[in-house]
Amino acid sequence: MADIAAEVARRRTFAIISHPDAGKTTLTEKLLLYGGALQLAGSVTARKNQSASASDWMELERKRGISVSSTVLQFDYLGHRINLLDTPGHKDFSEDTYRVLTAVDAAVMVIDAGKGIESQTRKLFEVCRLRGIPILTFMNKLDRETRDLLELVDELESTLQIHAFPVNWPMGVGERFKGVYDRVMRQAHMYERTARGAYKAPVEVAGIGDPAVKDALDADSYERFVEQIDLIEATSPGFDRADALKGGTTPVFFGSAVNNFGVQLLLDALLEHAPPPAPRASAGGIVRPERDSFSGFVFKIQGNMDPRHRDRVAFVRVCSGRFTRDLPVVHSRTGKTYRLANAHKIFGRDREIIEEAYAGDVIGLVGYSDFGIGDTLSEDPAVVFDEIPRFAPECFARISNPNPAKYKPFAKGLEQLLREGVVRSLQPHDSGDAKTTLLAAVGPLQFEVAQFRMLSEYGVESRLEPMPWTLARWIGPKTPAGAIEAVGLPMQSARVRDETGAEMILFPTPWSVQYLTEKHPEIELLRLPPARR
Ligand SMILES: Nc1nc2c(ncn2[C@@H]2O[C@H](COP(=O)(O)OP(=O)(O)OP(=O)(O)O)[C@@H](O)[C@H]2O)c(=O)[nH]1
Ligand SMILES: [Mg+2]
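The rules behind the values
Residues numbered from 1 in each chain as written. Chains lettered and ligands numbered in written order. Predicted model: local features only at pLDDT ≥ 70, side-chain atom pairs only at ≥ 80, totals over all residues. Heavy atoms only, no water. Salt bridge = Lys/Arg side-chain N within 4 Å of Asp/Glu carboxyl O. Donors = N, O, S within 2.8 Å, 3.2 Å for Na, K, Ca; no water. Helix = DSSP H or I, 4+ residues; strand = E, 2+ residues; numbered from the N terminus. Buried < 20%, exposed > 50% of the residue type's maximum accessible area, 1.4 Å probe, protein only. pLDDT = per-residue confidence, 0-100. Contact = heavy atoms within 4.5 Å. Core = buried A, V, L, I, M, F, W, Y, C linked by side-chain atoms within 4.5 Å. 1 Å grid on protein atoms, 1.4 Å probe; cavity = no way out; pocket = protein on both sides within 12 Å on 5 of 7 lines; lining within 4 Å. Points joined across faces, edges and corners; volume = space filled by probe spheres on them. Nonpolar A, V, L, I, M, F, W, Y, C, P; charged D, E, K, R; others polar. Near = heavy atom within 4 Å. Polar contact = N/O pair within 3.5 Å; in protein donor to acceptor, adjacent residues only side chain to side chain. Areas by Shrake-Rupley, 256 points an atom, 1.4 Å probe, with all protein chains shown as cover. Pairing = 2+ DSSP bridges.

With respect to the pattern of salt bridges
Point 1. Counting across every chain of the model gives 32 salt bridges.
Point 2. Glu290 is paired through a salt bridge with Arg288; the nearest N and O atoms lie 2.8 Å apart.
Point 3. Salt bridges here are not isolated pairs; linked through shared partners, they connect Glu7, Arg10, Arg11 and Asp361.

As structure tokens, this is what we get:
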């Protein structure tokens, strides 16, 4: 059997993050193409108006052209095993993205060079920073007019408070974008536009002094290029690898995902700049990835990936040791021992049964209905991870079934979506209306996804009634018993319990929160759920 430490050392597990539409899914597709995992990028096989990327496989994603849910893609490249996670950019799906960030060791931040740092990119970046994971930056869409390049790099540094080290620099932009110059290797990589960017772009390499560089560019672009390079060389300190591994410096790459420009360089750089799996904290102490005992945690649940089977996949990030088929593990939430017989390697919606996996890998466990998001699976019961962040919902709605004959599929569909965390459910204090379920979400698109999937996967219509609350607070343990009953809540607020039974209050406006806080300081209001005892 393979040596665990050697297997861990060759793993690279990273997420692609950014504001919506920066090109994450396109870049994912091209990384797969260059990694040899796809023959043709999805856009080529796509029929009119219908993209067919390996990553955006859900019907709704193809319809809307946005990513709704994160996708796992595992492949081998140059002796490395890569686990790549494409994430949705839309803020309504950020819970999913944040969960994915707990499962990776590095992130690629994609920036639309025409727009610069956008709000959602900044938020996701902050999460990466808190986790201390290294971040590589890909400045995308160089085939279009961009913002001033030096300004883009400045903005990156000042807005995100990070050092930026441009590993390569574009030769021309927009119509005149001809390739990138690798500052470290001192090589110019020139590209040709290929039909719809489907095949590997031909690459020619020459030195910077090479007349080929000058000839490739028009006089204006060449002059600007030389000026910019000179300026960067003069002002930028050398590359601090140790700082990059701590997340203090981001290596920056330029390109155009849709045209395959700069994708190969990014992929190769990933092997170098993204680290192998690192030790993780657990209730039982630090867990080293190469230790001889399997552990991992569930960060995502997805149902109905294979419409023929209607089953449920629990995505597990392996944190230590080796997984082998039929391995007995303890499930943290129930204390039960399970033999893991049904583990899969995942590639978008495709999967393949595996016999082995190692720390760093993401595996899909099929058919374990007890497993929920955040649960630990471990050979050593002392190892329990607490990685999954929780968020306060900001949107609320009641959902009901307009068609009593469909009672069963409706209940089944809703239960599955709640398990996946597509939306959450809350329990009204006054038991409420038994025919409706109170749902909560970070953003309204989550409700839309839930309704769409109820219809497409369970064949049931649903009725959604938006509710007026916009803020949720948990009631903290310092609140004296009976205090809530004694005070009377502000107008239009409501008492509910979350799925763990913790008490919450939902408020219509920030002023109503403020009102309660000022009038009744004895009531402790928390923005996040109190720690579970
Ligand atoms: N001009 C140009 N367009 C690009 C490039 N890369 C991606 N796009 C386009 O940008 C749009 C969004 O691309 P996606 O890859 O779906 O973006 P995303 O970041 O995955 O979006 P979400 O997952 O919804 O957040 C699509 O129309 C792409 O064809 C590029 O290099 N140049
Ligand atoms: Mg996408």
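With respect to the coordination of the magnesium ion (ligand 2)
Point 1. The magnesium ion (ligand 2) binds to the protein through Thr25 (OG1) and Ser67 (OG), with metal-donor distances spanning 2.0 Å. Placement of the pair is Thr25 in helix α2 (residues 24-34) and Ser67 in the loop between α4 (59-64) and β2 (71-77), with a sequence separation of 42 residues.
Point 2. On the basis of relative accessible area, Thr25 is assigned to the buried category, the value being 15%.

Describing the confidence of the model for the chain
Point 1. Taken over all residues, the pLDDT of the chain has a mean of 90, while the share at 70 or more is 93%.
Point 2. Contacts from residues 43-51, a stretch scored under 50 in pLDDT, to residues over four places away or in other chains number 9 contacts.

Here's the deal with the side chain of Thr146
Point 1. Mapping Thr146 onto the fold places it in the loop between β5 (135-140) and α7 (149-160).
Point 2. Classification of Thr146 as buried rests on a relative accessible area of 18%.
Point 3. When sequence neighbours within four positions are dropped, the list of residues in contact with Thr146 reads Ala113, Gly114, Lys141 and Val173.

Looking at the nonpolar core
Point 1. Ranked by internal contacts, the top residues of the largest apolar core, which has 83 residues, are Leu101, Leu156, Phe225, Phe254 and Phe299.
Point 2. The dominant element in this core, judged by the number of residues it contributes, is helix α13 (residues 445-458), at 6 residues.
Point 3. Setting aside anything within four residues of it in sequence, one finds Leu156 in contact with Met109, Ile111, Ile117, Thr137, Met139, Gln161, Ile162, Ala164, Thr250 and Val252.
Point 4. Counting residues in hydrophobic clusters, the runner-up holds 32 residues, among them Leu27, Ala54, Phe75 and Phe347.

A closer look at empty space enclosed by the protein
Point 1. As enumerated under the stated definition, the model contains 1 cavity of 30 Å³ or more in all.
Point 2. A volume near 220 Å³ is recorded for the largest cavity.
Point 3. Lining the largest cavity are 18 residues, and of these Val68, Ser69, Asp96, Gly421 and Val422 sit closest to its centre.
Point 4. Taken together, the elements giving at least two residues each to the lining of the largest cavity come down to α5 (94-101), β12 (295-303) and α13.
Point 5. Classifying every residue of the lining of the largest cavity gives 7 nonpolar, 4 polar and 7 charged.

What about the site of ligand 1?
Point 1. In the region of ligand 1, 17 residues are neighbours, and Lys24, Thr25, Thr26, Ser67 and Asp143 sit closest.
Point 2. Here Asn140 contributes a side-chain N or O atom positioned 3.1 Å from an oxygen atom of ligand 1.
Point 3. In the complex, the protein chains occlude 82% of the 660 Å² of accessible area that ligand 1 would expose alone.
Point 4. The element best represented in the shell around ligand 1 is α2, accounting for 3 residues.
Point 5. Within the shell around ligand 1, the residues separate by chemical class into 5 nonpolar, 7 polar and 5 charged.

Some thoughts on α2
Two residues of an α-helix separated by three or four positions point the same way, owing to the 3.6 residues in each turn.
Point 1. When you tally the buried positions in α2, you get 10 out of 11 residues, the bulk of the element.
Point 2. Turning to α2, its buried residues are Lys24, Thr25, Leu27, Thr28, Glu29, Lys30, Leu31, Leu32, Leu33 and Tyr34.
Point 3. Just beyond α2, the residue with positive phi is Gly36, at close to 80°.

Observations concerning the side chain of Ser18
Point 1. Mapping Ser18 onto the fold places it in the loop between β1 (11-17) and α2.
Point 2. Side chain to side chain, Ser18 and Lys24 meet in a polar contact 2.9 Å long.
Point 3. If near-sequence neighbours (up to four positions away) are discounted, Ser18 is found in contact with Lys24, Gly89, Val110, Thr121 and Leu124.

Focus: the pairing of β12
Point 1. The buried fraction of β12 amounts to 9 of the 9 residues, a majority that puts the element mostly inside the structure.
Point 2. Alignment of β12 against strand β13 (residues 312-320), held across 8 bridges, turns out to be antiparallel. Its bridge partner lying in β13, Ile301 is registered against Ala314.

What about the environment of Gly421?
Point 1. Along the chain, the position of Gly421 falls in the loop between α12 (407-420) and β23 (424-428).
Point 2. Residues Gly421 and Arg398 lie 23 residues apart in sequence; the distance between their C-alpha atoms is 16 Å.

Focus: the pairing of strand β22 (residues 395-400)
Looking along a regular strand, one sees the side chains alternate between the two faces of the sheet.
Point 1. Most of β22 sits out of view: 6 of its 6 residues are buried.
Point 2. Of the two faces of β22, the one holding Cys395, Ala397 and Ile399 and the one holding Phe396, Arg398 and Ser400 are both buried throughout.
Point 3. Judged from the 6 bridges that link them, β22 and strand β24 (residues 436-441) form a sheet pairing that is antiparallel. Bridged to Ile399 within β24 is Thr437.
Point 4. Of the pairings in the sheet, the one linking β22 to strand β25 (residues 463-467) comprises 5 bridges and is antiparallel in character. Pairing of Ala397 across the sheet is with Pro466, part of β25.

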